[in-house]
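Here is what each chain is made of, one letter per residue.
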Amino acid sequence: MMDIATLLAPKGVTLRGSASSKRQALHMVAEAAADSLGLDEGVLFTALLEREALGSTGLGAGVAVPHARIKGLTNVQAVFVRLETPVAYDAVDDRPVDLLMGLFAPPDSGAEHLRALAA
């Protein structure tokens, strides 16, 4: 099993983030990823929104794993955002979310991307 710690750079951790909506929370994930991965924040945010339109990434118990495939990446990368106050997120248990693990993978990373999601 993949160890999530190997995907997560210390620079990609945001604690006590402030968001009042799911959209703002996703923007915080994109911002953390842009800082950590050196990629365009707008591209990351758009990719997260497009994936979220397919179905909520809210797993329940206050946790969400928004994810997207991004051109230019060579391996799966992760960022973590902890919100000060949970936000409504359309999670499977209808509970608000305050812990977000953003996963970003290259477009052709099928099995690696799935292993990261499982971790």
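First, a word on what this report is: a plain description of the structure on this page. (Residues numbered from 1 in each chain as written. Predicted model: local features only at pLDDT ≥ 70, side-chain atom pairs only at ≥ 80, totals over all residues. Heavy atoms only, no water.)

1. Some thoughts on the pattern of salt bridges
Next up, step 1: Inspection of every chain in the model, using the stated rule, returns two salt bridges.
Next up, step 2: Glutamate 52 serves as the salt-bridge partner of lysine 22, at 3.0 Å between the closest nitrogen and oxygen. With lysine 22 in helix 1 (residues 22–37) and glutamate 52 in helix 2 (residues 41–54), this residue pair connects regions lying 30 residues apart in the sequence.
Next up, step 3: The partner of aspartate 90 in a salt bridge is lysine 22, and the shortest N-O contact between them spans 3.7 Å. Of the two residues, aspartate 90 is situated in the loop between strand 5 (77–87) and strand 6 (97–105) and lysine 22 in helix 1; the sequence distance between them amounts to 68 residues.
Next up, step 4: Residue classification places aspartate 90 among the exposed positions, given a relative accessible area of 58%. (Salt bridge = Lys/Arg side-chain N within 4 Å of Asp/Glu carboxyl O. Helix = DSSP H or I, 4+ residues; strand = E, 2+ residues; numbered from the N terminus. Buried < 20%, exposed > 50% of the residue type's maximum accessible area, 1.4 Å probe, protein only.)

2. Concerning the packing of aromatic side chains
Next up, step 1: Taken as a whole and judged by the stated rule, the model has zero aromatic pairs.
Next up, step 2: The cationic tip of lysine 22 hangs over the ring face of tyrosine 89; the distance from NZ or CZ to the ring centre is 4.7 Å. (Phe/Tyr/Trp six-rings, centres within 6.5 Å; stacked < 30°, edge-to-face > 60°. Lys NZ or Arg CZ within 6 Å of the ring centre and 35° of its normal.)

3. Here's the deal with the nonpolar core
General note: in soluble globular proteins, nonpolar side chains tend to be found buried as a group.
Next up, step 1: Ranked by internal contacts, the top residues of the largest apolar core, which has 27 residues, are Val29, Leu44, Ile70, Val81, Leu83, Leu100 and Phe104.
Next up, step 2: The set of elements that each furnish at least two residues to this core consists of helix 1, helix 2, strand 5 and strand 6.
Next up, step 3: Per-element tally for this core: the top contributor is helix 1, with nine residues.
Next up, step 4: The residues contacting leucine 83, other than those within four sequence positions of it, are Gly17, Ala19, Ala25, Met28, Val97, Asp98 and Leu100.
Next up, step 5: In terms of nonpolar packing, the next biggest core, distinct from the first, is built from seven residues, Leu7, Val65, Val76 and Leu103 among them. (Core = buried A, V, L, I, M, F, W, Y, C linked by side-chain atoms within 4.5 Å. Contact = heavy atoms within 4.5 Å.)

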